[in-house]
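# Examination of the molecular architecture
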Amino acid sequence: MLCHLRDAWTRCISEDGELGWTAMSNNQFGLVIHGGAGAIDRKKLTPKREEEYRDALEQSLKAGFEVLSRGGPSLDAVEAAVRVMEDDPHFNAGKGAVFTSAGTHELDACIMDGKTLKAGAVVSLKSIRNPISLARLLMEESPHLMLDCAGAEAFAKEHGIESVDQKYFFTQERWDALQRVQEAARKGENNFVVSDQDRHGTVGAVAVDQAGNLAAATSTGGMTNKRPGRVGDSPIIGAGTYANNATCAVSATGDGEYFIRATAAHDISALMEYRGMSVEQASQSVLEKVRKLGGTGGLIAIDAKGGLALLFNTNGMYRGHVDQAGKFVVDIYR
């Protein structure tokens, strides 16, 4: 593994070319976010577009940092950070979610509390503006961990959660992407002719607060042209989302079916708990397992001491982190 120093962080590149940052010293609190991983082509992302993504990531970090810096809980921080990205059409969550093969939107989200191991997950939502907030409400106000479509939306209505018309989620960019994917399918062309940006782009956040409590949150519109009813790894505890104060908090993005098969998020925690690996070592090991299964994507993770992992096996991942000193770092490419 090749590592370079930069301020209080170590930049590590594994033998497989996976990139990550890990903390050199214990932070009192910290926050990490992602906005999706994939074949992000620097040549196709205009300077203006790139700046828009960087600004959006920074706004998400600021929302979470404001919570943590005043001593707020990590659950509040990850929810706040993810809500910003759900409201931003640059990302595939909430406003700007991708389309199913039927030309509709179905959104999934999950949140988990590392202190109690409680979690809430909602799947196939069609009219909830901020799915991550509904997932948290389910965790706190219901004996159930997961609700899907009609049941989740009925629960939302009972508790006064804001609903919107499907057209709220529409963006021309995502609609055009659906047309490209379906045209490629009609021609029998390989999916690689369609960019990862067209197909997916889940968002997520992980944090440790001043009390040492961990939390993770993930929200997504799924994959462009997915069959209605398809559920990926994002709302599955232990696959795309996991948090445990004894180990780490994790949020994943990419080819969800492979992250589910690898039980990726929980596997990172297990390697830390049972084999004594660092968060960065465990994350690299699990992402390699996903790769061997045939999956691409990335993940973010943080431990109770502020150790970080921001890893991906693609060309890039929209990502960022902030420490207790208020130092913001955002990046896109490898």
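As a reminder, the structure under discussion sits directly above these lines.
Residues numbered from 1 in each chain as written. Predicted model: local features only at pLDDT ≥ 70, side-chain atom pairs only at ≥ 80, totals over all residues. Heavy atoms only, no water.

## Description of the sheet that holds strand S10 (residues 241–243)
Pairing in this open sheet of 4 strands is antiparallel, and the strands run S10-S11-S12-S13 from one edge to the other. The sheet is open, and its two edges are formed by S10 and strand S13 (308–312), each paired on a single side. Each strand of the sheet is rotated relative to its neighbour by a mean of 10 degrees, with strand direction disregarded. Sheet topology places strand S12 (residues 297–303) next to S13; 5 bridges connect them, and they run antiparallel. Note on S13: the bridge partner recorded for Ile300 is Leu310. Those strands touched by helix H8 (residues 264–275) are S10, strand S11 (248–254) and S12, and its axis lies near 145 degrees from that of S11. Lying on the sheet, helix H9 (residues 279–293) is in contact with S11, S12 and S13; it crosses S13 at an angle near 20 degrees. (Pairing = 2+ DSSP bridges. Helix = DSSP H or I, 4+ residues; strand = E, 2+ residues; numbered from the N terminus. Axes fitted to C-alpha atoms, helices over the stretch in contact; angles between N-to-C directions. Contact = heavy atoms within 4.5 Å.)

## Concerning the packing of aromatic side chains
What the rule picks out here adds up to 8 aromatic pairs. An angle of 75 degrees between the planes, with centres 5.8 Å apart, marks the rings of Tyr53 and Phe91 as edge-to-face. Of the two residues, Tyr53 is situated in helix H1 (residues 47–69) and Phe91 in the loop between helix H2 (74–86) and strand S5 (107–113); the sequence distance between them amounts to 38 residues. For the pair shown, Tyr53 and Phe91 are each scored as buried. Both rings, one in Phe65 and one in Phe328, keep their centres 5.7 Å apart while their planes meet at 70 degrees; by these two values the pair is edge-to-face. Separated by 263 residues along the polypeptide, Phe65 in helix H1 and Phe328 in strand S15 (residues 328–333) bring together distant segments of the chain. Since its relative accessible area comes to 17%, Phe65 is described here as buried. Note on Phe328: relative accessible area 28%, which makes it partly exposed. Through pairs of rings, three or more aromatic residues link up here, namely Phe29, Phe65 and Phe328. The lysine or arginine in question, Lys95, covers the ring of Tyr168, its NZ or CZ lying 5.2 Å from the ring centre. (Phe/Tyr/Trp six-rings, centres within 6.5 Å; stacked < 30°, edge-to-face > 60°. Buried < 20%, exposed > 50% of the residue type's maximum accessible area, 1.4 Å probe, protein only. Lys NZ or Arg CZ within 6 Å of the ring centre and 35° of its normal.)

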